Every structure is written in structure tokens, then in C-alpha cells.
Amino acid sequence: MLSAQKRNLPLYSSTAGFTLIELLLVVGILAVVFAMVLPFALNTKFTNELDTAAENLRATLREAQFQSIAAEGDTPYGIYFDTSVSPAIYILYRGTSYADRDTSFNAGGYGTTELPKSAIMSFNWTATDYEITFERLTGELFPAGTADKTITLSIPDIGSKTITVTANGLIY
């Protein structure tokens, strides 16, 4: 009689494990959640890139200004902006202009910073060469009497950051 009862019991319990429909439902919910979160994650990444690029540019402008004030090398320092390459770059140089710079100062690419690939740089002044040079000892814009200069870094669909250098050398 005992052996007859054992035969009627199923070998596996029907409540153990997951059905295929349950697994597909979980995978579908996860796919929807990831699809909703991904744009926010990418937006945060590009926003952080923009913030970092703006802070790095401010720091490089201040470095050029401090070097000029310290009269390091008995010459002014400046920043040259090259928007003809992709991604755009800016270069810390020593001299009264980028064209007349001390080329030994930038040997090996020293002082060259690349913007994020999606970043666009624009200026509030027109010139054949976009550069900002600081006066020796004072840190004001060179040559004397130069108007305030504004640089805008932007990433499409993300935002923009504006950096201003006033004629008297204030960088913000």
C-alpha cells in the first residue's frame, strides 16, 4: 500500500521555480526601466563634462595670469584658442601673442588642453586669432585698454557655461 501512494506523488513539485512567462515579464520590466534611466545618465555625463571643461579653462586662464604677474620669464603669458581642429583646443603660451610665442615653452605639447568632443567654443570678440594675453605684473588684459572677453562653452541639448575675463583681469 505504501508503494501505491508513492506512485501517485509527482516527482517534482509544481510550485518550484519560475515559469517562462514570469521570466519574460521580469526581463521586460527591466528593459523598460533601463530605457527610462539611460537618457538621464547620459545627460548627467555630458553636464559633468561641460562643468569640468569650464573649470579647467578657468584654471588655465588663472595660471597664465599668475605667470604674468610673477613675471616668469620676464614676458606676458596667454591662452590661444584653436577652433579649427576637432575637438577644439586651447594652449597656454609665453609671449605677447601666440604668433610671437616662445615655442620652447610648449615643447612636447605642454599647456595644450582638448575640449570634450561634443563641446563648442564661441567668443564675444572677432579676430583672426582667438587669444587672451595678460599684462606682466598687473595681470590685466594685454594690450592695455582691451575690452572684456567672454568665452562660451556649450554642448548641444545639454547647456552652456560662460567664462568672462574683464579688462582689469577678473576671471569668472
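Source: prediction; values computed, not measured. (Residues numbered from 1 in each chain as written. Predicted model: local features only at pLDDT ≥ 70, side-chain atom pairs only at ≥ 80, totals over all residues. Heavy atoms only, no water.)

Chemist: Is there a simple way to think about the packing of aromatic side chains in this case?
Modeler: Each aromatic ring pair is specified by the distance between its two centres and by the angle formed by the two planes. Evaluated as defined, the whole model comprises nine aromatic pairs. Summarising the aromatic geometry, the rings of Phe123 and Tyr130 are spaced 4.2 Å apart at their centres and angled 15° between planes, so their arrangement reads as stacked. For Tyr130, a relative accessible area of 21% corresponds to the partly exposed category. With 5.9 Å between their ring centres and 65° between their planes, Trp125 and Tyr130 make a pair best called edge-to-face. What makes Trp125 buried here is its relative accessible area of 13%. Taken together, the ring pairs in this structure connect Phe81, Tyr90, Phe123, Trp125 and Tyr130 into an aromatic cluster. Between Arg101 and the ring centre of Tyr98, over which it is positioned, the NZ or CZ distance is 3.9 Å. We note Lys149 situated over the ring of Trp125; from NZ or CZ to the ring centre the distance is 4.6 Å. (Phe/Tyr/Trp six-rings, centres within 6.5 Å; stacked < 30°, edge-to-face > 60°. Buried < 20%, exposed > 50% of the residue type's maximum accessible area, 1.4 Å probe, protein only. Lys NZ or Arg CZ within 6 Å of the ring centre and 35° of its normal.)

Chemist: What am I meant to see in the nonpolar core here?
Modeler: Generally speaking, a soluble globular protein has its nonpolar side chains buried in company with each other. Counting 27 residues, the largest nonpolar core has Leu61, Phe81, Ile132 and Ile151 as its most contacted members. Breaking this core down by element, the ones donating at least two residues are helix H2 (20-69), strand E1 (77-82), strand E2 (89-94), strand E4 (120-123), strand E5 (130-134), strand E7 (149-155) and strand E8 (159-165). Broken down by element, the residue count for this core peaks at six residues, all from H2. Beyond its immediate stretch of four places on either side in the chain, Ile151 contacts Leu57, Leu61, Phe81, Met121, Ser122, Phe123, Trp125, Ile132, Lys161, Thr162 and Ile163. The next biggest cluster of nonpolar side chains, apart from the first, holds five residues, and it includes Ile89, Ile91, Tyr93 and Tyr98. (Core = buried A, V, L, I, M, F, W, Y, C linked by side-chain atoms within 4.5 Å. Helix = DSSP H or I, 4+ residues; strand = E, 2+ residues; numbered from the N terminus. Contact = heavy atoms within 4.5 Å.)

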